[in-house]
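Spelled out from the first residue to the last, the chains are:
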Amino acid sequence: MVELLLVQFDLVAHPLREFPKASDLNITFKVVWLPVASSLYYIYRPRENNLTKCFYFAAWISLLTLIDGLLAA
């Protein structure tokens, strides 16, 4: 929901859209890739100390941001 508001106020742009007349959102990333990535994170997340968890979480978020940026470019 927040993503739709960001797009409507031209704060974020997604040049690749499956349904350009319906919405400016990238449906593939939001509906397919993000749930799959979240599931993989949950399956392979570390269960050791907090430092390892924080590093893994930061690396995972960086990877998702990089993929989203590459898709937008």
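Up top is the structure.
We now turn to the structure provided with this report. (Residues numbered from 1 in each chain as written. Predicted model: local features only at pLDDT ≥ 70, side-chain atom pairs only at ≥ 80, totals over all residues. Heavy atoms only, no water.)

**Considering the overall build of the chain**
Move 1: In terms of regular secondary structure, the chain is built from three helices and zero strands.
Move 2: Along its sequence from the N terminus, the chain presents helices and strands in the succession α-α-α.
Move 3: Within the chain, buried positions represent 14% of all 73 residues.
Move 4: Accessible surface, the chain as shown: approximately 5,800 Å² in total, 71% of it carbon and sulfur. (Helix = DSSP H or I, 4+ residues; strand = E, 2+ residues; numbered from the N terminus. Buried < 20%, exposed > 50% of the residue type's maximum accessible area, 1.4 Å probe, protein only. Areas by Shrake-Rupley, 256 points an atom, 1.4 Å probe, with all protein chains shown as cover.)

**Points about the packing of aromatic side chains**
Within a pair of aromatic rings, the relevant descriptors are the distance that separates the centres and the angle that separates the planes.
Move 1: What the rule picks out here adds up to four aromatic pairs.
Move 2: Pairing Tyr-41 with Phe-57 gives two aromatic rings, centres 6.0 Å apart and planes at 70°, and the pair type is edge-to-face. Taken together, the positions of Tyr-41 in helix α2 (residues 27-44) and Phe-57 in helix α3 (residues 50-72) put the pair 16 residues apart, joining distant regions of the chain.
Move 3: Here Phe-57 falls in the partly exposed class, since its relative accessible area comes to 44%.
Move 4: Their ring planes at 20° and their centres at 6.1 Å tell us that Tyr-56 and Trp-60 sit as a pair that is stacked. (Phe/Tyr/Trp six-rings, centres within 6.5 Å; stacked < 30°, edge-to-face > 60°.)

**A short note on the environment of Ala-37**
Move 1: When you line up the elements, Ala-37 lands in helix α2.
Move 2: For Ala-37, the residues in contact, after removing those within four places along its chain, are Trp-60 and Leu-64. (Contact = heavy atoms within 4.5 Å.)

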